[in-house]
Amino acid sequence: MGIIETCTTSPLSADQVKLFSTAAEDQWFYQMYVDDLPVWGMVGEMLPDLEAAKGEHFGNDLSHLEAAVAKHEEKRGELKPYVYTRRTLQVSYNGDRIIKVDLTSEPASLTAVKVGGILKFELDIQWSQTNIPFHSRFDRYLDHAFFKHQIHWFSIFNSFMMVLFLMGLVALILLRTLRKDYARYALSHGRRDIEEGDDEDFQEEDGKPLLNEGHPNNGGVTGAEDSGWKQVHGDVFRAPRFLPLLAAILGTGWQVVTLVMGVVLFAVAGPLHGEVHEERGEVLTAILVFYSLSSIIAGYASGSYFKLYYATTSSSRSKTGVIGESGATQWQLTMALTVLLLPSMLGSALSILNGIALIYGTIYYIPFLVLLKLFFLWVFVSVPLCILGTLLGRHAKLGGKKSDPFPCRVNAIPRPIPEDIPWYGVPANLIPFAGLLSFGSIFIELYYILTSLWNYKFYHVYGFLLGVYAILCLVVCMTTIIVVYFCLNSENYLWQWTAFYSGGSTALYVFLYSIYYFVFKTSMHGLVQTSFYFGYMLLISLGVGTLCGTLGHWAANKFVRTIFQNVKVD
């Protein structure tokens, strides 16, 4: 059974001929969906003459792109544009369900494009019955050999080994280095308990113990000034600069962490509710739902983090970037930043891209009604949940039975940070290495993800994605702990932003890799393709940076609290 649909163009103008010529020369192809099954077809070809064109036999998929490119390079003569005018759409069905769709462009229908010419397009729709079950209809689109290649498995194993190495390094710091530090500090604390009034044998200089040579309790060893992370116990829990901004970023980060985990788990559970790659827009719908519902987590995280420092460091508010402003104003600023930070970045980028799509008339243009629905979703769901979460975080009990949530009191006067420190104690030297290690654990998987996004492959190995996400979280936490330890050991107590930057630096490598992928792995060019590629990759990189920075800050916070709560401070 076949149905032939036809349409005829009016005489082609010079602009239309130019457009068809560009499509044939740049090897444009179009993509359509029939019952969510994708089909692709070429617009035309560049060939020496019509007779040669009619003798071409290309495949019915994208494999003929390579043949067309090879012919373009081999032929040194003048090439002319030809357009396919007849196509066959073969639809296979099982019962009342469409199972298979194929689109074939007939080489014999190639027609030269010229000014004043008329093109008559024909589409032959043929129906046939098949025994293939409905649940298997997407198997032909899944490139198992590509996604389950040995390199993919090896990358997971390599990242896992990196995690073991970093965990071993952190364990070494905690079990050996810190144990020696505790012993040394305990000895220093014990020396402070030497007979009171023994000023001749025991002296203090600038609050640091000095032991005289030959003292009976000293064993004849000359005392030295204490140094290291314990010396900053009075400043390590000082509020960071620009506290409302950091609180809002961390709240947004926890929202992104929850969003990514929820979407990945939703995709992994595909066999229960239907594979996400079989339903167009299902992943996007899941992202919108998880984003809206996770807004309460963003509000709670930012509100509780702001309260943590603002309530306990009132004597040091001059260092928080909130000089001379009331607490109510700062709460409002933190809440507003949490509500607006992520949507403003997304809205700005999408508005620019949507304007470009509208000017060029592409299908990537988002209609106004869709934008209005998204705005209402944000206003009536996301914003109220974020405000509610901030209020809950503001009234949360963070210190347990103690009034002070920190194990050490904060000094009224900040301690000066030493300037003469080794290179491995400078945060600017350590942060790039931390990001490089984190990126090294995901860059193979990133290649597969970018290939799915920009090269029209269906990503379906969500178990790999879940494993790599877990590995990334562990690597970010381990590397940030190491960076913060080295900084504290250099008596640099400004660790909060350092911890965030250590994890967030992963985004820089992700964006640099996207540039490499654009140049060497794609054939994109022109304003539309370039702007959409780098616009979305910039948003993805910012999301990765916020996610990794938040996880790094969380791990560093746990580490700092752990080491200082076990130190006996006078």
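Model, not experiment: these values are computed from the prediction.

Asker: Residues and numbers for the nonpolar core, please.
Answerer: In terms of nonpolar packing, the biggest core is built from 77 residues, with Val236, Tyr309, Leu488, Trp495, Val560 and Phe564 touching the most fellow members. The biggest single contributor to this core is helix H14 (residues 462-489), with 16 residues. Setting aside chain neighbours within four positions, we find tyrosine 309 in contact with Phe237, Arg238, Ala239, Pro240, Leu243, Phe406, Trp495 and Gln496. Counting residues in each nonpolar core, the second largest holds 13 residues, with Leu89, Val91, Ile98 and Phe458 among its members.

Asker: How would you sum up the packing of aromatic side chains? Please name residues and give values.
Answerer: The relative placement of two aromatic rings is captured by the distance of their centres and the angle of their planes. According to the stated counting rule, one finds 34 aromatic pairs in the structure shown. Pairing tryptophan 497 with phenylalanine 500 gives two aromatic rings, centres 6.2 Å apart and planes at 85°, and the pair type is edge-to-face. One end of the pair, tryptophan 497, and the other, phenylalanine 500, are both in helix H15 (residues 496-504), three residues apart, so they sit about a helical turn from each other. When its relative accessible area of 16% is taken as the criterion, tryptophan 497 is described as buried. On the basis of relative accessible area, phenylalanine 500 is assigned to the buried category, the value being 9%. Positioned above the aromatic ring of tyrosine 141 is the side chain of arginine 140, whose terminal nitrogen or guanidinium carbon lies 5.4 Å from the ring centre.

Asker: Account for the sheet that holds strand E5 (residues 80-83), with residues named and values stated.
Answerer: Across the sheet, which stays open at both edges, the three strands sit in the order E4-E5-E8 with antiparallel pairing between neighbours. In this open sheet, the two edge strands, each paired with only one partner strand, are strand E4 (44-47) and strand E8 (111-112). Where E5 meets E8, two bridges bridge the pair, whose relative direction is antiparallel. Note on E8: the bridge partner recorded for tyrosine 82 is alanine 112. Helix-sheet contacts for helix H1 (residues 14-25) involve E4 and E5, and the interaxial angle to E4 is about 80°.

Asker: Give a detailed account of the pattern of salt bridges, specifying residues and quantitative values.
Answerer: By the definition in use, this model includes nine salt bridges. Where arginine 86 meets glutamate 122, a salt bridge forms, and the shortest distance between an N and an O atom there is 2.3 Å. Linking arginine 86 in strand E6 (residues 86-94) with glutamate 122 in strand E9 (residues 120-129), this pair joins segments that are 36 residues apart in sequence. Aspartate 143 serves as the salt-bridge partner of lysine 457, at 2.8 Å between the closest nitrogen and oxygen. Taken together, the residues lysine 457 in the loop between helix H13 (443-454) and H14 and aspartate 143 in the loop between E9 and helix H4 (144-147) connect sequence positions 314 residues apart. With relative accessibility at 28%, the residue lysine 457 sits in the partly exposed group. Residue class for aspartate 143 comes out partly exposed when judged on its relative accessible area of 26%.

Asker: Hey, could you go over the pairing of strand E2 (residues 29-34) for me, with residue numbers and the actual values?
Answerer: Looking at chain direction, E2 and strand E3 (residues 37-42) are connected through six bridges and run antiparallel. Paired with tyrosine 33 across the two strands is proline 38, which belongs to E3. Linking two consecutive strands that pair antiparallel, namely E2 and E3, is a turn of two residues; a positive phi of about 55° is found at aspartate 35 within it.

Asker: Let's hear about unusual backbone geometry: which residues, and what values?
Answerer: For aspartate 35, which is not glycine, the phi dihedral falls at a positive 55°. One non-glycine residue, glutamate 491, adopts positive backbone phi at about 65°. As for its position among the elements, glutamate 491 is in the loop between H14 and H15. With a relative accessible area of 9%, glutamate 491 lands in the buried category.

Asker: Residues and numbers for H15, please.
Answerer: H15 sits mainly inside the fold: eight of its nine residues count as buried. The elements touched by buried residues of H15 are helix H6 (243-268), helix H9 (295-310), helix H12 (427-440), H14, helix H16 (506-521) and helix H17 (527-565).

Asker: Describe H12, naming the residues involved and giving the relevant values.
Answerer: Counted at 1.5 Å a residue, the expected span for H12 with its 14 residues is 20 Å, and the 20 Å between its end C-alpha atoms agrees. Turning to H12, its buried residues are Pro427, Leu430, Ile431, Ala434, Gly435, Ser438 and Phe439.

Asker: Kindly report on the packing of H15 against H17, identifying the contributing residues and their values.
Answerer: Running from amino to carboxyl end, H15 crosses H17 at an angle of 135°, the nearest separation of the two axes being 6 Å. Relative to H17, H15 is oriented oblique. H17 is crossed by H15, and the crossing has right-handed handedness. Of the residues in H17, those in contact with Gln496, Ala499, Phe500, Gly503 and Gly504 of H15 are Gly545, Thr546, Cys548, Gly549, Thr550, Gly552, His553 and Ala556. Of the residues contributing to the contact of H15 with H17, the split by class is four nonpolar, nine polar and no charged.

The rules we used
Residues numbered from 1 in each chain as written. Predicted model: local features only at pLDDT ≥ 70, side-chain atom pairs only at ≥ 80, totals over all residues. Heavy atoms only, no water. Core = buried A, V, L, I, M, F, W, Y, C linked by side-chain atoms within 4.5 Å. Buried < 20%, exposed > 50% of the residue type's maximum accessible area, 1.4 Å probe, protein only. Helix = DSSP H or I, 4+ residues; strand = E, 2+ residues; numbered from the N terminus. Contact = heavy atoms within 4.5 Å. Phe/Tyr/Trp six-rings, centres within 6.5 Å; stacked < 30°, edge-to-face > 60°. Lys NZ or Arg CZ within 6 Å of the ring centre and 35° of its normal. Pairing = 2+ DSSP bridges. Axes fitted to C-alpha atoms, helices over the stretch in contact; angles between N-to-C directions. Salt bridge = Lys/Arg side-chain N within 4 Å of Asp/Glu carboxyl O. Expected span 1.5 Å × (residues − 1). Parallel < 35°, antiparallel > 145°, perpendicular 65-115°, else oblique. Left-handed = near helix turned anticlockwise from the far one by under 90°. Nonpolar A, V, L, I, M, F, W, Y, C, P; charged D, E, K, R; others polar.

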